[in-house]
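# Descriptive structure summary
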2 protein chains.
Amino acid sequence: MDSDVDYDVFGAACPSRPVLEDVTGRWGSLAMGALADGPMRFNELRRRVEGVSQKMLAQSLQALERDGLVNRQVQSTFPLKVEYSLTPTGEVLAAKLLDLIGYLTGSMPSILDAQQSYDQAHAKT
Amino acid sequence: MDSDVDYDVFGAACPSRPVLEDVTGRWGSLAMGALADGPMRFNELRRRVEGVSQKMLAQSLQALERDGLVNRQVQSTFPLKVEYSLTPTGEVLAAKLLDLIGYLTGSMPSILDAQQSYDQAHAKT
DNA sequence: CTGAATCCACCCAGATACTG
DNA sequence: CAGTATCTGGGTGGATTCAG
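Residues numbered from 1 in each chain as written. Chains lettered and ligands numbered in written order. Predicted model: local features only at pLDDT ≥ 70, side-chain atom pairs only at ≥ 80, totals over all residues. Heavy atoms only, no water.

## Considerations on the interface of chain B and chain A
Of the residues lining the interface, 49 residues belong to chain B; the matching set on chain A comes to 49 residues. Among the residues chain B hides against chain A, the three largest losses belong to F10, R66 and L100 of chain B. Together they make up 17% of the total. In this structure, the connection of chain B to chain A is made through 6 salt bridges. When the shortest N-O distance is used, the salt bridge between R26 of chain B and E21 of chain A registers 3.7 Å. The interface formed by chain B and chain A contains 15 residue pairs in polar contact (both at pLDDT 80 or more). When contributions to the side of chain B that touches chain A are tallied by element, the ones reaching two or more residues are α1 (16-24), α2 (28-35), α4 (54-66), α5 (88-106) and α6 (108-121) of chain B. Top contributing element to the side of chain B that touches chain A by residue count: α5 of chain B, with 11 residues. Looking at the side of chain B that touches chain A residue by residue, the classes come out as 26 nonpolar, 12 polar and 11 charged. (Contact = heavy atoms within 4.5 Å. Buried area = accessible area lost by both parts, 1.4 Å probe. Salt bridge = Lys/Arg side-chain N within 4 Å of Asp/Glu carboxyl O. Polar contact = N/O pair within 3.5 Å; in protein donor to acceptor, adjacent residues only side chain to side chain. Helix = DSSP H or I, 4+ residues; strand = E, 2+ residues; numbered from the N terminus. Nonpolar A, V, L, I, M, F, W, Y, C, P; charged D, E, K, R; others polar.)

## Points about the UniProt feature "domain: HTH hxlR-type" (unreviewed entry) in chain A
Here the UniProt-annotated "domain: HTH hxlR-type" (unreviewed entry) positions come out as residues 14-112 of chain A. Taken end to end, residues 14-112 of chain A is 62% helix and 14% strand, and its two terminal C-alpha atoms sit 35 Å from one another. (UniProt positions renumbered as here; feature names shortened; annotations may be inferred.)

## Quick word on the protein's contact with DNA strand D
Surrounding DNA strand D, one finds 14 residues, the nearest of these being R41, R72 and Y84 of chain A together with K55 and M56 of chain B. Expressed as a percentage, the sugar and phosphate content of the atoms of DNA strand D within 4 Å of the protein is 64%. Within the side chain of Y84 of chain A, an N or O atom sits 2.4 Å from a phosphate oxygen of DNA strand D. For the surface near DNA strand D, the secondary structure elements donating two or more residues are α3 (42-48), α4 (54-66) and β3 (81-86) of chain A together with α4 of chain B. Across the surface near DNA strand D, the residue classes tally to 7 nonpolar, 4 polar and 3 charged. (Near = heavy atom within 4 Å.)

## So, the packing of helix α1 (residues 16-24) of chain A against α5 of chain B
Between α1 of chain A and α5 of chain B, whose axes approach to 10 Å, the crossing angle comes to 130 degrees. The angle between α1 of chain A and α5 of chain B falls in the class oblique. The two elements α1 of chain A and α5 of chain B meet at a crossing, and its hand is right-handed. The residues of α5 of chain B that touch α1 of chain A, namely those facing S16, V19, L20, V23 and T24 of chain A, are L100, I101, L104 and T105 of chain B. (Axes fitted to C-alpha atoms, helices over the stretch in contact; angles between N-to-C directions. Parallel < 35°, antiparallel > 145°, perpendicular 65-115°, else oblique. Left-handed = near helix turned anticlockwise from the far one by under 90°.)

## Concerning the environment of L97 of chain A
You can see L97 of chain A is positioned in helix α5 (residues 88-106). Since its relative accessible area comes to 2%, L97 of chain A is described here as buried. Sequence-wise, L97 of chain A and L30 of chain A are 67 residues apart; in three dimensions their C-alpha atoms are separated by 9.1 Å. Beyond its immediate stretch of four places on either side in the chain, L97 of chain A contacts V23, S29 and M32 of chain A together with L100 of chain B. (Buried < 20%, exposed > 50% of the residue type's maximum accessible area, 1.4 Å probe, protein only.)

Put into C-alpha cells, the structure is as follows:
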C-alpha cells in the first residue's frame, strides 16, 4: 500500500540518519528509556539520567519532540510544570531501545572480560 | 546463578554507558548493522557506511572489537586482508539494532511530517 | 590494502548567570 | 520550575601523509 523500503540509513544523505542519532545518541537514548516508565517532569528526568546537564537534556528533548517521538505538555501554573511523555511511535522505539540496553547490560560481565583481555594484549611498554 | 540486574545505564559511572555509546554511536551502529549481512573487509565497510572516514571507521571498529562484539581476522598476505565479523553477542545486538532501525525508517513518513509541523510552528520572524 | 600518526578547525558540551 | 543566553576549553572528526 505504501512505498516500502525507501529510507536507507546507510545512505549518506538519508533523512533517517539524524533521527537515528537523536534516538540512539548519548542522552537521547537515556531520556527515551527513562520516559518508558511513564510521563516525567523535566527535573525528574534530570535526576533519573545521571550526569546530564540542563542544557543537553533540554536539547535532546527538543530534538525528540521535533521528531514526533516525545510529547511536551505545559501547565502554565506557577511554578511552571512541564511533563514529557512518549508518543505512540516513541513508545515502540523506546521499547526496542530498552530491549537492546537490557541485553547489553546482561552481557556486561563477558564484555568487561573482553575489554580486559584486549587491554592486556595491547598494553604499552 | 548469576547476580542479576546489576548494571544500570542510568547510573553516571556505570561501565555499560561507554559500551552503549560504542554500539549506538554515529558510526558504530551503522558498522554493526552492516556486519549483520555477513563478514566484510575494511574497505567494503567503508563503502557500505557512506560518509564515514577511514579514521572514524577504524576507531569505531576498534572500540567494538575491544568490547568483544566484533572479530578482526587478519590475513598476512600482500596486500593485507582484514575481515571483520560479529561475535555471537555482537550478532544479537546487531539484530536488535536493525530491528530498531527498521521501525524507525518505516516511521520516517510520519516523522518527517512531525518535523515539518514543528519547524512551521517554531518559525522565526 | 589496512591502518597509524599528525595537524587543525570546528562544534559540542559544561559552567555560570539570567529570564518567565 | 523550566528553560535560555553567553562564554570558553577540550574533544571530535576530517584531510593528509606515512607505514606494515
